[in-house]
Amino acid sequence: MKNVFLFILFFTLGVANAQKTAEERATEQSNRMKTELSLSDDQYAKVYEINLGIIMKNDGINASTYTDEVKKQIIHSNQEARKAMLKDVLTAAQYEKLETKVKEIKKKKRQKAENKEIKD
């Protein structure tokens, strides 16, 4: 379940930021995390590098000729790697806060989708 919410979060961020460079998207994502998680400067630098690396990998996958199912699996794997790297950088409290925030976003998206289905 944790894997799904990270995938949804980053997929959503990717769609919303499709016109921006990987560096711009990594900066925006890292800035949000710095604010929400109260990252130190050292943590911020590490989080930025993690975010940039995963964004660049995912951009390459999305631009590839892999099937959608293979792309989904690779991106999921990249998100798992991102999650593991972040766990090494963040404190336990920061990591828990990140997971809580992602769950909230997932819940809002699910509710929005359900409301859309009701209207259709």
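Above this text you will find the structure in question.
Just so you know, these numbers come straight off a predicted model, no measurement behind them.

Here we look at unusual backbone geometry
Part 1 of the argument: The phi torsion at Ser38 lies on the positive side, around 55°, for a residue other than glycine.
Part 2 of the argument: Checked against the element boundaries, Ser38 lands in the loop between helix 2 (22–37) and helix 3 (41–62).
Part 3 of the argument: What makes Ser38 exposed here is its relative accessible area of 55%.

Comments concerning helix 3
Part 1 of the argument: With 22 residues, helix 3 extends 31 Å between its outermost C-alpha atoms, agreeing within 8% with the 32 Å of an ideal straight helix rising 1.5 Å per residue.
Part 2 of the argument: Taken together, the buried positions of helix 3 are Gln43, Tyr44, Val47, Tyr48, Ile50, Asn51, Leu52, Ile54, Ile55, Asn58 and Ile61.

What to know about the packing of helix 3 against helix 4 (residues 68–89)
Part 1 of the argument: Running from amino to carboxyl end, helix 3 crosses helix 4 at an angle of 175°, the nearest separation of the two axes being 10 Å. With respect to helix 4, the element helix 3 is oriented roughly antiparallel. Across from Gln43, Lys46, Val47, Ile50, Asn51, Ile54, Lys57, Asn58, Ile61 and Asn62 in helix 3, the residues of helix 4 making contact are Lys71, Ile74, Ile75, Asn78, Gln79, Arg82, Met85, Leu86 and Val89.
Part 2 of the argument: Counted by class, the contact of helix 3 with helix 4 contains nine nonpolar, six polar and four charged residues.

Focus on the nonpolar core
Part 1 of the argument: Among the nonpolar cores identified, the biggest contains eleven residues, and these are Met33, Leu37, Leu39, Val47, Ile50, Leu86, Val89, Leu90, Tyr95, Leu98 and Val102.
Part 2 of the argument: Of all the elements in the fold, those that place two or more residues in this core are helix 2, helix 3, helix 4 and helix 5 (92–119).
Part 3 of the argument: The element that contributes the greatest number of residues to this core is helix 5, accounting for three residues.
Part 4 of the argument: Ala22, Ala26, Tyr44 and Ile55 belong to the second-largest nonpolar core, a separate cluster that totals six residues.

Examining the environment of Ile61
Part 1 of the argument: Take Ile61: it is sitting in helix 3.
Part 2 of the argument: Sequence-wise, Ile61 and Ile74 are 13 residues apart; in three dimensions their C-alpha atoms are separated by 7.6 Å.
Part 3 of the argument: Setting aside chain neighbours within four positions, we find Ile61 in contact with Tyr66, Lys71, Ile74, Ile75 and Asn78.

Quick notes on the packing of aromatic side chains
Part 1 of the argument: Under the definition given, this model contains zero aromatic pairs.
Part 2 of the argument: Across from the ring centre of Tyr44, 5.2 Å away, lies the NZ or CZ of Lys34, which sits over that ring.

Regarding the pattern of salt bridges
Part 1 of the argument: The full count for this structure, using the stated rule, is four salt bridges.
Part 2 of the argument: Across the pair Glu28 and Lys20 runs a salt bridge, and its minimum N-O distance is 2.6 Å.
Part 3 of the argument: Among the residues examined, Glu28 registers a relative accessible area of 27% and is labelled partly exposed.
Part 4 of the argument: In this structure, Asp59 and Arg25 form a salt bridge, with 2.3 Å as the shortest nitrogen-oxygen distance. Highlighted residues: Asp59 in helix 3 and Arg25 in helix 2, separated in sequence by 34 residues.

What counts and how
- Residues numbered from 1 in each chain as written.
- Predicted model: local features only at pLDDT ≥ 70, side-chain atom pairs only at ≥ 80, totals over all residues.
- Heavy atoms only, no water.
- Helix = DSSP H or I, 4+ residues; strand = E, 2+ residues; numbered from the N terminus.
- Buried < 20%, exposed > 50% of the residue type's maximum accessible area, 1.4 Å probe, protein only.
- Expected span 1.5 Å × (residues − 1).
- Axes fitted to C-alpha atoms, helices over the stretch in contact; angles between N-to-C directions.
- Parallel < 35°, antiparallel > 145°, perpendicular 65-115°, else oblique.
- Contact = heavy atoms within 4.5 Å.
- Nonpolar A, V, L, I, M, F, W, Y, C, P; charged D, E, K, R; others polar.
- Core = buried A, V, L, I, M, F, W, Y, C linked by side-chain atoms within 4.5 Å.
- Phe/Tyr/Trp six-rings, centres within 6.5 Å; stacked < 30°, edge-to-face > 60°.
- Lys NZ or Arg CZ within 6 Å of the ring centre and 35° of its normal.
- Salt bridge = Lys/Arg side-chain N within 4 Å of Asp/Glu carboxyl O.

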